[in-house]
Amino acid sequence: MGKGSENVYGVFVERGFIDQVTDEKRIPEILEESVTCYIGFDPTASSFHVGNLVPIMSLAHMQRHGHRPIALVGGGTGLVGDPSGKDEMRQILTYEEIHKNAEAQKKQFSRFLDFSNQRALLLNNADWLTRLNYIDFLRDIGVHFSVNRMLATESIKIRLETGLSFIEFNYQLLQAYDFWHLFKHYDCLIQMGGSDQWGNIVAGIDLIRRLEGKQAYGVTFPLIMTADGRKMGKTEKGAVWLDPERTSPFDYYQFWINTDDRDVKRFLALFTFLPMEEIEEYGKLKGSEMRRGKEVLAFEATKIVHGEEEAKKAKAASKAVSYTHLRAHETPEHLVCRLLLE
């Protein structure tokens, strides 16, 4: 195990990461020893956004507790498109677009994970999926899948109402194959993902059992909604990106400082690494005092993604904006410099 003897499963439960698990008794037991886990990430954009943070933070927690996380870029599955959680078919990207996005995402992962000495792995499923022979795949893998069971999967059922293409229907087989491939070649025991991935994860566990006669496990995270019922990370301006070119560190900080009072404790638990004892104290704050909790949330969240220096600048700029009006055409950064000089 990594830091202390604390089991990461208990950390996940305490911090609000768990939606469903495939084996409530066995998973905490196997997490007593160092294991390899993975999460797949869709490479349809060149940057992650705040809505991707729960799975990324979960991998970071796994590593901090002595486990080996695999961040799997879906360079192969991205060529097909995941129908899960979508009410219409995703835009099919070219190989070049997928590759470019995957390279950009790699840089963002390194903010959260230490890839040195194989402590974490960054893989791209295009490396094995694009080499598959279709007939062999149907005979070796497709034979283990029941169409009846696939049609009963929640993500498939929803899409059947609006239309599901055959290419998307194949997606579950490919993701199951990923889990089997990582189990076989990297000793990966656990797949994690959003709640909409439950059917795909279970399909992978079933394939491993059929092909290897061994047991693998799955964990899903809840869809994070804000207290006022909005999907986490969505604003009037659109998504809040981790890329500073798309969402500046100042705007990123502002997103967190504007958190609803009712969400502060929950978001501190999910989106920072602060100890829960400290988070509990911030959760007790009321009224205007809650501003302190929001500042801690905004600073810690910005520090993780943009570094401590940018977080300090964003905090200073935010305080400055709170006390004075910007002069015409003056950015918050310019304002901070001016105030310091004055």
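As a convention, each chain's residues are numbered from 1 in the sequence order in which they are written. Reporting in this predicted model follows two pLDDT cut-offs: at least 70 for local features of residues, and 80 or more for side-chain atom pairs to be given and counted; totals over whole chains, interfaces and linings ignore these cut-offs and use all residues. The side-chain values count all of the structure's non-hydrogen atoms but skip hydrogen atoms and water molecules.

K.L.:
It is not clear to me how the overall build of the protein chain should be interpreted in this structure. Could you clarify?
P.N.:
Each helix corresponds to a stretch of at least 4 residues labelled H or I by DSSP, and each strand to a stretch of at least 2 residues labelled E; elements are numbered beginning at the N terminus. For the protein chain, the count of helices and strands is 17 helices and 8 strands. Counting the 342 residues in the protein chain, one finds 50% classified as buried. We call two residues in contact when some of their heavy atoms are within 4.5 Å. In the protein chain, the share of contacts with a sequence separation of at least 24, taken over all contacts with a separation of at least 6, comes to 75%. Of the roughly 17,000 Å² of accessible surface on the protein chain, a fraction of 50% belongs to carbon and sulfur atoms. Summary of the burial criterion: residues with accessible area below 20% of their type's maximum are buried, those above 50% are exposed, and those between are partly exposed, where the area comes from a 1.4 Å probe applied to protein chains only. Using a 1.4 Å probe, accessible areas were evaluated by the Shrake-Rupley method; residue-level cover was limited to the displayed protein chains.

K.L.:
Help me understand the packing of aromatic side chains, please; the structure alone is not making it clear to me.
P.N.:
For any pair of aromatic rings, the description rests on two quantities: the centre-to-centre distance and the angle between the ring planes. Ring geometry is summarised as follows: Phe, Tyr and Trp rings, the Trp one being its six-membered ring, pair when their centres sit within 6.5 Å, and such pairs are stacked at plane angles under 30 degrees, edge-to-face over 60 and tilted between the two. Counted under the stated rule, the structure contains 13 aromatic pairs. Look at Phe-48 and Phe-109: their rings are 4.9 Å apart centre to centre, the planes differ by 65°, and that puts the pair in the edge-to-face class. Of this pair, Phe-48 sits in the loop between strand E2 (36-41) and helix H3 (53-64) while Phe-109 is found in helix H4 (residues 95-109), placing the two residues 61 residues apart along the sequence. For the pair Phe-48 and Phe-109, a shared accessibility class is recorded, and that class is buried. Residue placement shows Lys-315 over the ring face of Phe-299; its charged tip is 5.6 Å from the ring centre. Only lysine NZ and arginine CZ atoms are considered, and such an atom sits over a ring when it is within 6 Å of the ring centre and within 35 degrees of the ring normal.

K.L.:
Please explain the side chain of Arg-15 as it appears in this structure.
P.N.:
Secondary-structure assignment places Arg-15 in helix H1 (residues 8-15). A positive count includes Lys and Arg, and a negative count includes Asp and Glu. His and the chain ends are not counted in either. A pair is scored as a salt bridge if a Lys or Arg side-chain nitrogen falls within 4 Å of a carboxyl oxygen belonging to Asp or Glu. This buried residue, Arg-15, is left without a salt bridge; Glu-14 holds the nearest opposite charge, at 5.9 Å. Nitrogen and oxygen atoms within 3.5 Å of one another constitute a polar contact, given that in protein one can donate a hydrogen and the other can accept it, and given that sequence-neighbouring residues count only through two side-chain atoms. A polar side-chain atom of Arg-15 sits 2.8 Å from the main-chain carbonyl oxygen of Leu-274. Discounting residues that sit within four places of it in the chain, Arg-15 has contacts with His-61, Leu-268, Ala-269, Leu-270, Thr-272, Phe-273, Leu-274, Met-276 and Ile-279.

K.L.:
Please clarify how unusual backbone geometry should be interpreted in this entry.
P.N.:
Peptide bonds are mostly trans, and most non-glycine residues show a negative phi. If you check the backbone angles, Asn-117 has positive phi at about 50° while not being a glycine. With respect to the helices and strands, Asn-117 occurs in the loop between H4 and strand E4 (121-124). One non-glycine residue, Gln-118, lies in positive phi territory at about 60°. Locating Gln-118 in the fold gives a position in the loop between H4 and E4. By relative accessible area, which is 53% here, Gln-118 ends up exposed.

K.L.:
Looking at this structure, how should I read a negative patch on the surface?
P.N.:
In this scheme, patches are assembled from residues that exceed 30% relative accessible area and form no salt bridge. Like charges are connected within 9 Å, while nonpolar side chains (Val, Leu, Ile, Met, Phe, Trp, Tyr) are connected within 5 Å. To locate a charge, take atom NZ for lysine, CZ for arginine, CG for aspartate or CD for glutamate. Together, Glu-6, Glu-14, Glu-277 and Glu-278 make up a negatively charged patch on the protein surface. Overall, Glu-278 belongs to the partly exposed group, its relative accessible area being 30%.

K.L.:
Any chance you could explain the environment of Gln-197 here in plain terms?
P.N.:
Residue position: Gln-197 is located in the loop between strand E5 (188-194) and helix H11 (198-212). Taking relative accessible area as the criterion, Gln-197 reaches 12% and is therefore assigned buried. In the structure, Gln-197 is positioned 23 residues away from Thr-220 in sequence and 7.2 Å away in space, judged by C-alpha atoms. Within the local environment of Gln-197, its side chain forms a polar contact with the side chain of Gln-175, the two groups lying 3.2 Å apart.

K.L.:
Before we go on, may I ask you to explain helix H10 (residues 171-186) in this structure?
P.N.:
Residues spaced three or four apart along an α-helix point in a common direction, a consequence of the helix completing one turn every 3.6 residues. Multiplying 1.5 Å by the residue count of a helix minus one yields the expected span of that helix. If you check H10, its first and last C-alpha atoms are 22 Å apart, about what 16 residues at 1.5 Å a residue would give, namely 22 Å. By the criterion of burial, H10 is predominantly enclosed, with 13 of the 16 residues buried. Downstream of H10 by a residue or two, Asp-187 has a phi angle that is positive, lying close to 55°.

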